[in-house]
Amino acid sequence: MHRTTVEIDLDEFHAAERNLGTRGYKETLNRALEDVNRRAALDRAVRYVEQGRESVPRWDVLRRSRQPI
């Protein structure tokens, strides 16, 4: 962990709290960072599929993988 001081736009911060369902600076900022990283990973995955470097599993395979054993 790293502690730092930053200036943030409070209107944007409170909007992020509402959108993320979080409370407080630490929870909201950490969740926002997680969300940015998750979105970036999803974007990379889409590019891999578009470039033919990966394939998308069929829906029936995905459904089976989500069923409890």
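Quick caveat: nothing in here was measured; it's all calculated off a predicted structure.

**Student:** I keep staring at the packing of aromatic side chains and nothing clicks. Help me out?
**Tutor:** To describe a pair of aromatic rings, you give the distance between the ring centres and the angle between the ring planes. Tallied over the full model, the rule gives one aromatic pair. Judged by centre distance (4.6 Å) and plane angle (25 degrees), the ring pair of F13 and Y25 falls under stacked. Placement of F13 in helix α1 (residues 10-20) and of Y25 in helix α2 (residues 25-50) is noted, with a sequence separation of 12 residues between them. Look at Y25 and you get partly exposed, because its relative accessible area is 48%.

**Student:** Can you help me understand the packing of α1 against α2 in this one?
**Tutor:** Relative placement of two packed helices is described by the angle separating their axes and the distance separating the axes. At a closest axis distance of 10 Å, the pairing of α1 and α2 adopts a crossing angle of 75 degrees. One way to sum up the angle between α1 and α2 is to call them roughly perpendicular. Touching L10, F13, A16, E17 and L20 of α1 are Y25, T28, R31 and A32, all from α2. Each residue belonging to the contact of α1 with α2 can be placed in one class, and the counts come to six nonpolar, one polar and two charged.

**Student:** How should I be thinking about the side chain of T28 in this particular structure?
**Tutor:** Topologically, T28 is positioned in helix α2. Polar side-chain contacts of T28 include one of 2.6 Å to the side chain of T22. Reaching out from T28, the side chain makes a polar contact with the backbone oxygen of G24 at a distance of 2.7 Å. With residues up to four places along the chain from it excluded, the contact list for T28 reads F13, A16, E17, L20, T22 and R23.

**Student:** Help me understand the environment of V49 in this model?
**Tutor:** With respect to the helices and strands, the residue V49 is situated in helix α2. Take V49: its relative accessible area is 34%, and that puts it in the partly exposed class. Separated by 34 residues in sequence, V49 and A15 have C-alpha atoms that sit 33 Å apart. When sequence neighbours within four positions are dropped, the list of residues in contact with V49 reads E54 and V56.

**Student:** When you look at the side chain of E17 in this model, what are you seeing that I'm missing?
**Tutor:** Following the sequence through the fold, E17 ends up in helix α1. Summary of buried charges: E17 has no salt-bridge partner, and the nearest side chain of opposite charge, R23, is 6.1 Å away. Not counting the four nearest positions on each side in its chain, E17 is found in contact with T22, R23, G24 and T28.

**Student:** Would you take a moment to explain the environment of L33 for this structure?
**Tutor:** Its location among the elements puts L33 in helix α2. Take L33: its relative accessible area is 53%, and that puts it in the exposed class.

Reading the values: the criteria
Position labels on residues start from 1 in each chain and follow its written sequence. Where totals are concerned, whole chains, interfaces and linings use all residues; where local detail is concerned, this predicted model gives features only for residues with pLDDT of at least 70, and gives and counts side-chain atom pairs only at 80 or more. Hydrogens are left out, water is left out, and the side-chain values use all remaining heavy atoms of the structure. Ring pairs are drawn from Phe, Tyr and Trp, using the six-membered ring of Trp, whenever the two centres fall within 6.5 Å, and their geometry is named by plane angle: stacked under 30 degrees, edge-to-face over 60, tilted for the rest. Only DSSP runs of H or I reaching four residues or more are called helices, and only runs of E reaching two or more are called strands; each is numbered from the N terminus. For every residue, the accessible area obtained with a 1.4 Å probe (protein chains only) is divided by the maximum for its type, and the residue is called buried under 20%, exposed over 50%, and partly exposed between those limits. Fitted lines through C-alpha atoms serve as axes, helices being fitted only where they are in contact, and the angles separating the N-to-C directions of these axes extend from 0 to 180 degrees. Orientation is classified from the angle alone, with under 35 degrees giving roughly parallel, over 145 giving roughly antiparallel, 65 to 115 giving roughly perpendicular, and any other angle giving oblique. Residue contacts are defined here by distance: any two heavy atoms, one from each residue, within 4.5 Å place the two residues in contact. Under the scheme applied here, ten amino acids are nonpolar (Ala, Val, Leu, Ile, Met, Phe, Trp, Tyr, Cys and Pro), four are charged (Asp, Glu, Lys and Arg), and all others, including Gly, are polar. Throughout this description, a polar contact denotes any pair of N or O atoms lying within 3.5 Å of each other; where both atoms belong to protein, one of them has to be capable of donating a hydrogen while the other can accept it, and for residues adjacent in sequence the pair is counted only when both atoms sit in side chains. Only four residue types enter the charge count: Lys and Arg as positive, Asp and Glu as negative, with His and the chain ends excluded. What counts as a salt bridge is simple: a side-chain nitrogen of Lys or Arg found within 4 Å of a carboxyl oxygen of Asp or Glu.

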